[in-house]
Amino acid sequence: MLDLVYHIISEDAAVVAVCGDRIYPEYREPGSNVPAVMMDVTSMSTLNTMSTTSKADSYIIKIWAFHHGIGAAVSFGRKVRAALEGQRGEFEMSNGDLYHLANTTVDNFDVD
């Protein structure tokens, strides 16, 4: 799932205009250049169908927006949120994985 979130964020012109390629799944080296985005899956739950593989998984992904100063970080965080909020549809990754998103919701975001 992080590959999909990475794909969505890295294809968003407003986000890339701020941070370039400094988008990190799972780990960002402390002290590395900012602005940057880091993300990590914090939980995943599946729909128990009782008879077949789940076709409705729910993920919680924590995303951090790093920038110089709190105001810039909040502004940048809003761009990241806008890139993700309301995404839906079918997404095929370069490795052939296929994701079907019913909806994405950004409940909150952290800045640093």
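This text gives an overview of the structure that appears in the document.

1. Considering the packing of aromatic side chains
Here comes step 1: Following the criterion strictly, the structure yields zero aromatic pairs and no others.
Here comes step 2: One Lys or Arg, Arg28, reaches over the ring of Phe66 and ends 4.1 Å from the middle of that ring.

2. A word on the pairing of strand β4 (residues 89-92)
Here comes step 1: Sheet topology places β4 next to strand β5 (residues 98-101); four bridges connect them, and they run antiparallel. Paired with Phe91 across the strands is Tyr99, a residue of β5.
Here comes step 2: Once β4 ends, the chain turns through five residues before running back antiparallel as β5, passing Gly96 with a positive phi of about 95°.

3. A word on helix α3 (residues 70-84)
Here comes step 1: An ideal rise of 1.5 Å per residue puts 21 Å on 15 residues; α3 measures up with 21 Å between its terminal C-alpha atoms.
Here comes step 2: Taken together, the buried positions of α3 are Ala73, Phe76, Gly77, Val80, Ala83 and Leu84. The buried side chains of α3 occupy one side of the element, clustering within an arc of 115° when seen end-on. When the buried face of α3 is taken as reference, the exposed residues oriented beyond 90 degrees from it are Arg78 and Ala82.
Here comes step 3: Immediately beyond the C-terminal end of α3, within one or two residues, lies Gly86, with a positive phi of roughly 75°.

Conventions we followed
Sequence positions are assigned chain by chain, starting from 1 and proceeding in written order. Only residues with pLDDT of at least 70 get local features here, since the model is predicted, and only at 80 or more are side-chain atom pairs given and counted; chain-wide, interface and lining totals rely on the full set of residues. For the side-chain quantities, the full set of heavy atoms in the structure was used; hydrogens and water were omitted. Stacked, tilted and edge-to-face are the three classes applied to pairs of Phe, Tyr and Trp rings, where Trp contributes its six-membered ring and a pair requires centres within 6.5 Å; stacked means planes under 30 degrees apart, edge-to-face means over 60, and tilted covers the rest. Whether a charge sits over a ring comes down to the Lys NZ or Arg CZ being within 6 Å of the ring centre and within 35 degrees of the ring normal. A pair of strands is labelled paired if DSSP reports no fewer than 2 bridges between them. The numbering of helices and of strands both runs from the N terminus, where a helix is a DSSP run of H or I of at least 4 residues and a strand a run of E of at least 2. Multiply 1.5 Å by the residue count of a helix minus one, and that product is the helix's expected span. Exposure classes here rest on a 1.4 Å probe applied to the protein chains alone. A residue is buried below 20% of its type maximum, exposed above 50%, and partly exposed in between. The arc in question is traced by the directions running from the helix axis to the C-beta atoms.

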